[in-house]
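# Descriptive structure summary
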Amino acid sequence: MGGISGEREVSLRSGKGVLDSLLKQGYDAVGIDAVQDVDVKLRENSVEIAYIALHGRGGEDGMIQGLLETMRIPYTGSGITASALSMSKKLTKLVLAMQGLPTPKAVYPDAANGAKACAEEILNKIGIPVIIKPECEGSSLGCVIAHNEKELFDELPGFLEKFGGGVAEAMIQGREITVGVIGPGANVRALPILEMVPKNEFYDYEAKYTKGMTDLICPARLDEKTTKLAQAIAVKTHLALGCDGVSRVDFMVDGAGNPFVLELNSIPGMTVTSDLPEEIKAEGGSYDSLVLEILASAALDKG
């Protein structure tokens, strides 16, 4: 848990929740802050199974998975390739397009092309409003919304200077939902759908992790047809990216009931305000049962 990404504080909270649950359920567990010398700490504590609660860079991008594969320590969640793929918003969208899965129209601005040219491409191919996201950040960190052309030309240069590039995506107006996917290998199932109604304009970092900033509705206020469609797309997205054990797929559902995949999180949050624990409760489970089910997915050679 922890680590060095922009999601460090959230990861520490996720890790503490998981560690407390494991200890309460009788496991000999230890929390490791993955800042440095992780291999040394793993050896010193004679770790037999690694429960990964790292969010963002170093945790969801295949890095810690590669270390654990090298050390032959079974770990939870997805393998190296799936982690790296799903961490990249651009690669995720390209895989979704190849598989015929619905995702909002996008272009990929690059600082090397200049902010003005990137803004013009966004206007020509997507239009306004548009949301611009960093390529490899989680928890909505760094996202910028341009409601009009002026905002686009004002905001894009600073975004590109900070991140170098990213994904500019058409904003879908409608309901914001997320679907947890859980289970080892191809034996997966979709959890009940959670609908998020944030107090902010969208489900940003503050809305995600500040209690009271978002109303969570589970099951989501969707008809049966849309519910089943979103759950099926979530499972297909999980499998298309090669994920394992657990993931969470975020969607926007437009006014006609069409779900559009925004991204997949390969290590969903496990804080008290996180989405996945809410979904497992709606299914009839508990935080502790969720922790054990994810733990049971621990393995090696996941690809």
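Keep in mind that this is a model prediction, so the values were computed, not measured. (Residues numbered from 1 in each chain as written. Predicted model: local features only at pLDDT ≥ 70, side-chain atom pairs only at ≥ 80, totals over all residues. Heavy atoms only, no water.)

### Re the packing of aromatic side chains
Aromatic rings considered in pairs are described by the distance between their centres and by the relative angle of their planes. What counts is decided by this rule: Pairs were defined over the aromatic rings of Phe, Tyr and Trp, the Trp ring being its six-membered one, requiring ring centres within 6.5 Å. Orientation was assigned from the angle between planes: stacked under 30 degrees, edge-to-face over 60, tilted for the rest. Secondary structure is summarised from DSSP: a helix means a run of H or I of at least four residues, a strand means a run of E of at least two, and numbering begins at the N terminus for each. Only protein chains enter the accessibility calculation, which uses a 1.4 Å probe. A residue is then buried if its area is under 20% of the maximum for its type, exposed if over 50%, and partly exposed in between. Look at NZ for Lys and CZ for Arg. If either is within 6 Å of the ring centre and within 35 degrees of the ring normal, a charge sits over the ring.
The final tally for this structure, using the stated rule, is one aromatic pair. Seen from their ring centres, Phe159 and Phe163 are 5.1 Å apart, and the 45 degrees between their planes marks the pair as tilted. Pair noted here: Phe159 and Phe163 are both in helix α7 (residues 149-163), with a separation of four residues, about one helical turn. Phe163 gets classed as partly exposed once you look at its relative accessible area, which sits at 28%. Sitting over the ring of Tyr75, Lys302 keeps its end group 5.1 Å from the ring centre.

### Comments concerning the packing of helix α4 (residues 80-87) against helix α5 (residues 89-98)
The cut-off we apply is this: A fitted line through C-alpha atoms represents every axis, and for helices the fit uses only the stretch in contact; the resulting angles, taken between N-to-C directions, go from 0 to 180 degrees. What sets the label is the angle itself: under 35 degrees gives roughly parallel, over 145 gives roughly antiparallel, 65 to 115 gives roughly perpendicular, and the rest give oblique. We call two residues in contact whenever any of their non-hydrogen atoms come within 4.5 Å of each other. We call Asp, Glu, Lys and Arg charged. Ala, Val, Leu, Ile, Met, Phe, Trp, Tyr, Cys and Pro are nonpolar, and the rest, Gly among them, are polar.
Axis separation between α4 and α5 bottoms out at 5 Å; the angle between their running directions is 100 degrees. The angle between α4 and α5 places the two elements in the roughly perpendicular class. Within the contact between the two elements, α4 uses Leu85, Ser86 and Met87 and α5 uses Lys89, Leu91, Thr92 and Val95. A class-by-class count of the residues in the contact of α4 with α5 yields four nonpolar, two polar and one charged.

### Digging into the packing of helix α6 (residues 115-125) against α7
What counts is decided by this rule: By convention the crossing between two helices is left-handed if the near helix lies anticlockwise of the far one by an angle smaller than a right angle, and right-handed if it lies clockwise.
The N-to-C vectors of α6 and α7 enclose an angle of 135 degrees; their axes lie 9 Å apart at closest approach. Classified by the angle between their axes, α6 and α7 sit oblique to one another. As for the relative orientation of α6 and α7, their crossing is right-handed in sense. Counting all contacts with α6, which are made through Ala115, Lys116, Cys118, Ala119, Glu120, Ile122 and Leu123, the residues of α7 involved are Glu149, Leu152, Phe153, Leu156, Pro157 and Leu160. Its residues assigned to classes, the contact of α6 with α7 shows ten nonpolar, no polar and three charged.

### Considering the sheet that holds strand β2 (residues 130-134)
What counts here: Strand pairing is defined by DSSP finding a minimum of two bridges between the two strands.
The four strands are arranged β1-β4-β2-β3 in an open sheet whose pairing can be described as antiparallel. Both edges of this open sheet fall to β1 (106-107) and β3 (144-146), since each of them pairs with a single strand only. Both β2 and β3 contribute to a ladder of three bridges, which runs antiparallel. Across the sheet, Ile131 pairs through a bridge with Ile145, a residue of β3.

### Points about unusual backbone geometry
Cis geometry marks the peptide bond from Ile128 to Pro129; its omega dihedral reads 0 degrees. Residue placement: Pro129 occurs in the loop between α6 and β2. The residue after Cys218, namely Pro219, is reached through a cis peptide bond having omega 0 degrees. Within the secondary structure, Pro219 sits in the loop between β8 (214-217) and α9 (224-240). The phi dihedral of Asp301 falls on the positive side, at around 55 degrees, and the residue is not glycine. One can find Asp301 in the segment after α11 (287-295).

### Remarks on the pattern of salt bridges
The cut-off we apply is this: Each salt bridge in this description consists of a side-chain nitrogen of Lys or Arg and a carboxyl oxygen of Asp or Glu lying within 4 Å of one another.
Inspection of every chain in the model, using the stated rule, returns 19 salt bridges. In this structure, the salt-bridge partner of Arg175 is Glu195, at a minimum N-O distance of 2.8 Å. One end of the pair, Arg175, is in strand β5 (residues 174-183); the other, Glu195, is in strand β7 (residues 194-198), with 20 residues separating them in the sequence. On the basis of relative accessibility, which here comes to 33%, the residue Arg175 falls in the partly exposed class. Asp244 serves as the salt-bridge partner of Lys302, at 3.3 Å between the closest nitrogen and oxygen. In this pair, Lys302 sits in the segment after α11 while Asp244 sits in the loop between α9 and β9 (245-254), placing the two residues 58 residues apart along the sequence.

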